[in-house]
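Summary of the model geometry
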Amino acid sequence: MSFRYFAINKPYGVLSQFSEEGGHPGLGSVYDFPSDVYPVGRLDRDSEGLLVLTNDKSVNQKLLNPKNKRSKRYWAQVEHKPAPDKLTLLENGVRFKAKGKEYISSKCSVQLIQPQIEERNPPIRQRKNIPTAWIEIEVSEGKNRQVRKMCAAVGHPCLRLIRVGIEDMKLDFKGVIELDKSQFFSLLNL
């Protein structure tokens, strides 16, 4: 069997699966992937950014097992500019619910940023009297909608979320890239 490795920029509104569901397109609308390739991990429909796909089943356990604590970086556009104390709260861990259970996030890295990126299509909802800001947040866990829940827990709802990195692999905003095995494993520190 020949293993294939892809890094893609999943667009907003696209599901992290190949089939269309509920009127929402799947990954097949992004690129004509080989039939045996599957996504490793997920991004929810409303999130954008780096998603890896492969037919190498060994990658799933190496990348997703929580004990391996793989780093994931996100850019989050949030309501209002978070004050330093709110950033510190995020860094030190905040309480939120994940699958009906109370959870406290692990320590993480957070900073204000000003990325130069294109507007989303469709654009985020804008409120005339509520400014927005961008933060970069790096986590090593992956609870369902975790970054969104963390931002909401400190009073800064997330309006746009882009995964820009997994370990040393960075998002290429152009679309789909096929990588060779050594490059793929090296960038993901596997």
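See the structure shown above.
Overview of the structure. (Residues numbered from 1 in each chain as written. Predicted model: local features only at pLDDT ≥ 70, side-chain atom pairs only at ≥ 80, totals over all residues. Heavy atoms only, no water.)

Brief notes about the overall build of the chain
- Within the chain one finds 4 helices and 11 strands.
- Taking the principal axes of its C-alpha atoms as reference, the chain extends roughly 55 × 35 × 35 Å.
- Every one of the 190 residues in the chain was classed for burial, and the buried ones make up 46%.
- Residue pairs in contact within the chain that sit at least 24 positions apart in sequence constitute 69% of those at least 6 positions apart. (Helix = DSSP H or I, 4+ residues; strand = E, 2+ residues; numbered from the N terminus. Buried < 20%, exposed > 50% of the residue type's maximum accessible area, 1.4 Å probe, protein only. Contact = heavy atoms within 4.5 Å.)

A look at the packing of aromatic side chains
- Summed over the entire model, instances satisfying the criterion amount to 9 aromatic pairs.
- Between Y31 and F33 the ring centres are 4.9 Å apart and the planes differ by 65°, which places this aromatic pair in the edge-to-face class.
- Under the relative-accessibility criterion, F33 is labelled buried at 9%.
- In textbook terms, an aromatic cluster arises when at least three aromatic residues are bridged by ring pairs, as seen for F6, F18, Y31 and F33.
- The ring of Y12 has R120 lying over it, and the distance from NZ or CZ to the ring centre is 3.7 Å.
- The ring of F185 has K181 lying over it, and the distance from NZ or CZ to the ring centre is 5.4 Å. (Phe/Tyr/Trp six-rings, centres within 6.5 Å; stacked < 30°, edge-to-face > 60°. Lys NZ or Arg CZ within 6 Å of the ring centre and 35° of its normal.)

Quick notes on the nonpolar core
- Counting 20 residues, the largest nonpolar core has A76, I137 and M150 as its most contacted members.
- Those elements that provide at least two residues to this core are β4 (72–79), α2 (84–92), β5 (95–98), β8 (132–139), α3 (146–153) and β9 (158–166).
- Of all hydrophobic cores here, the second largest spans 19 residues; its members include A7, V52, V164 and L188. (Core = buried A, V, L, I, M, F, W, Y, C linked by side-chain atoms within 4.5 Å.)

Thoughts on empty space enclosed by the protein
- Summed over the entire model, instances satisfying the criterion amount to 1 cavity of 30 Å³ or more.
- Its boundaries defined by the atoms lining it, the largest cavity holds a volume of some 40 Å³.
- For the largest cavity, the full set of lining residues is E79, R125, Q126, R127, I130, T132 and L159.
- For the lining of the largest cavity, the class distribution of residues is 2 nonpolar, 2 polar and 3 charged. (1 Å grid on protein atoms, 1.4 Å probe; cavity = no way out; pocket = protein on both sides within 12 Å on 5 of 7 lines; lining within 4 Å. Points joined across faces, edges and corners; volume = space filled by probe spheres on them. Nonpolar A, V, L, I, M, F, W, Y, C, P; charged D, E, K, R; others polar.)

A closer look at the side chain of K10
- Looking at the element boundaries, K10 is found in strand β1 (residues 5–10).
- There is a polar contact of 3.4 Å between the side chain of K10 and the backbone oxygen of D44.
- Not counting chain neighbours up to four residues away, the residues in contact with K10 comprise S16, L27, L43, D44, R45, S47, E48, G49 and L51. (Polar contact = N/O pair within 3.5 Å; in protein donor to acceptor, adjacent residues only side chain to side chain.)

Description of the side chain of R148
- Along the chain, R148 falls in helix α3.
- For R148, a relative accessible area of 10% gives the class buried.
- Ignoring any residue separated from it by four or fewer positions in sequence, one finds R148 in contact with D44, D46, S47, C158 and L161.

Overview of α3
- Of the positions making up α3, those classed as buried are Q146, V147, R148, M150 and C151.
- Buried-residue contacts for α3 involve β4, α2, β5, β8 and β9.
- Directly beyond the C-terminal end of α3, a positive phi value near 85° is found at G155.

A word on the environment of E20
- Mapped onto the elements of the fold, E20 is located in the loop between β1 and β2 (38–40).
- A relative accessible area of 60% means that E20 is categorised as exposed.
- Not counting chain neighbours up to four residues away, the residues in contact with E20 comprise P25 and G26.

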